[in-house]
Amino acid sequence: MHAFSSVEDYRRAARRRLTKLAFDYLEGGAEDGGALRRNRDAFAQWGFAPRVLTDTSQCSSATTFWGRDAAAPMAVGPTGLNGLFWPGADELLARAAADAGLPFVLSTASTSLLEDVRAAVPDGELWLQLYVQQDRRIAERMMHRAREAGFRTLLLTVDTPVHGKRDHDTRNGFRLPLRVTPRLIADCMRHPHWTWQMLAHGAPQLRNIAESVGERADLARHAAMLSRQMDLSLGWGDLAWVRRHWPGEVLIKGIQTVDDARLAHAHGAHGVVVSNHGGRQLGSTLAPLEALLPIVDALGAGGAEMAVFVDGGVRRGADVAKAVALGAKGVLLGRAPLYGVAARGGEGAAGVLTLLLDELRTTMQLLGCARVGELTAQRLARLPALQANPL
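My aim in this report is to walk through the structure given alongside it, one point at a time.

1. Section: the pattern of salt bridges
Next, step 1: Tallied over the full model, the rule gives 18 salt bridges.
Next, step 2: Between Asp 319 and Arg 40 there is a salt bridge, with the nearest N and O atoms lying 2.9 Å from each other. Residue Asp 319 is found in helix 15 (residues 317-325), and its partner Arg 40 is found in helix 3 (residues 34-44); the two are separated by 279 residues along the sequence.
Next, step 3: Arg 40 sits in the partly exposed class, given a relative accessible area of 32%.

Below, the structure written as structure tokens:
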């Protein structure tokens, strides 16, 4: 079997295996993809300033999140409808994360029950991502079920009051459930492995939503709840309501400005995730990495003891090192592990995490950093824009 040397190798394999409709759903961003491209390009704006002749013989990428050990400043972030890429994808991702010593964040829009994910990783570090619908009892039931299953950290996602405009889904006629059309049939015939798995295991369902609503799985109805029945009245004062139902850590996911980061601190959040939802909501935003440093500086200046995470565009262990050097407590991995699971199932998810961990440790040693705490802004330099050579 072909050996993959990078996340990009897994991405290409995922593209070969998935139908165009499924791959575009995984890969695509809002509108023409401007924010998506900016997320990745932001990492290229920074170069490394390595120190030499330092002892890195005992180099370790280990860190802690609220006193709990993690193998690196990374977590597998929340992504929805993962069963579209591989049957049981949520369990496979959770198992890969647990085996790698990393937390796994399960999406409200998961295609596996959170109880089944817990059963797959009895000792794994599990966090829950939460959307809040108009009927808040759904979110309350979700939080209750997660607490009972031993999930310890909650990520309240606040950047999706409505779904962003995604041109690729419109062009592909993406609907839930999928409509059988001649175009889809032809696409499926070109991707027999994906098609066989979908036929054998059935269409993915939003099982967590269904369970918390107390209904049988109905993809069309529950997808509509996520796209058209979000609670548009949700405000900062509602963090008190969340805290009443969640005794563990609460992170606000989707922060993009200093002012909102300060409000998160003022209303008792334990941390924030600087994120533009993978470039899938607004087509023109700053990359999270660009917004990270001002937010870290502002919270530090205010004496806030908050964990600041970041996501968006991470494809290399070197990207993780850059984010940490700019002040992130850790990064959330979105598309990268999805490429792995879409290409090779659980083996692919594990392969991507192994690659990123190895790359991070190699980067640290080449920078002269023996510990994560040594990844500071002094190890970075902003690169000047490259000028094209005249012909």
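Anyway, onward from the coordinates.
2. Thoughts on the packing of aromatic side chains
Next, step 1: One pass over the structure, following the stated rule, counts 7 aromatic pairs.
Next, step 2: A centroid spacing of 4.4 Å and a plane angle of 85° characterise the contact between Phe 4 and Tyr 10, whose relative ring orientation is edge-to-face.
Next, step 3: On the numbers, 5.3 Å between centres and 55° between planes, the contact of Phe 65 with Phe 309 is tilted. Separated by 244 residues along the polypeptide, Phe 65 in strand 2 (residues 63-65) and Phe 309 in strand 10 (residues 307-311) bring together distant segments of the chain. Comparing Phe 65 with Phe 309 shows no difference in burial state: the two are buried.
Next, step 4: Taken together, the ring pairs in this structure connect Phe 65, Trp 66, Trp 127 and Phe 309 into an aromatic cluster.
Next, step 5: Between the NZ or CZ atom of Lys 322 and the centre of the ring of Phe 48, over which it lies, the distance is 5.4 Å.
Next, step 6: A cation over a ring is seen here: Arg 344 above Phe 4, with NZ or CZ 4.1 Å from the ring centre.

3. Some remarks on a nonpolar patch on the surface
Next, step 1: A cluster of nonpolar side chains, namely Val 180, Ile 185 and Met 189, defines an oily patch on the protein surface of about 350 Å² accessible area.
Next, step 2: Assignment of secondary structure puts Met 189 in helix 8 (residues 182-189).

Conventions used here
- Residues numbered from 1 in each chain as written.
- Predicted model: local features only at pLDDT ≥ 70, side-chain atom pairs only at ≥ 80, totals over all residues.
- Heavy atoms only, no water.
- Salt bridge = Lys/Arg side-chain N within 4 Å of Asp/Glu carboxyl O.
- Helix = DSSP H or I, 4+ residues; strand = E, 2+ residues; numbered from the N terminus.
- Buried < 20%, exposed > 50% of the residue type's maximum accessible area, 1.4 Å probe, protein only.
- Phe/Tyr/Trp six-rings, centres within 6.5 Å; stacked < 30°, edge-to-face > 60°.
- Lys NZ or Arg CZ within 6 Å of the ring centre and 35° of its normal.
- Patch = residues over 30% accessible without salt bridge, like charges linked within 9 Å, V, L, I, M, F, W, Y side chains within 5 Å.
- Areas by Shrake-Rupley, 256 points an atom, 1.4 Å probe, with all protein chains shown as cover.

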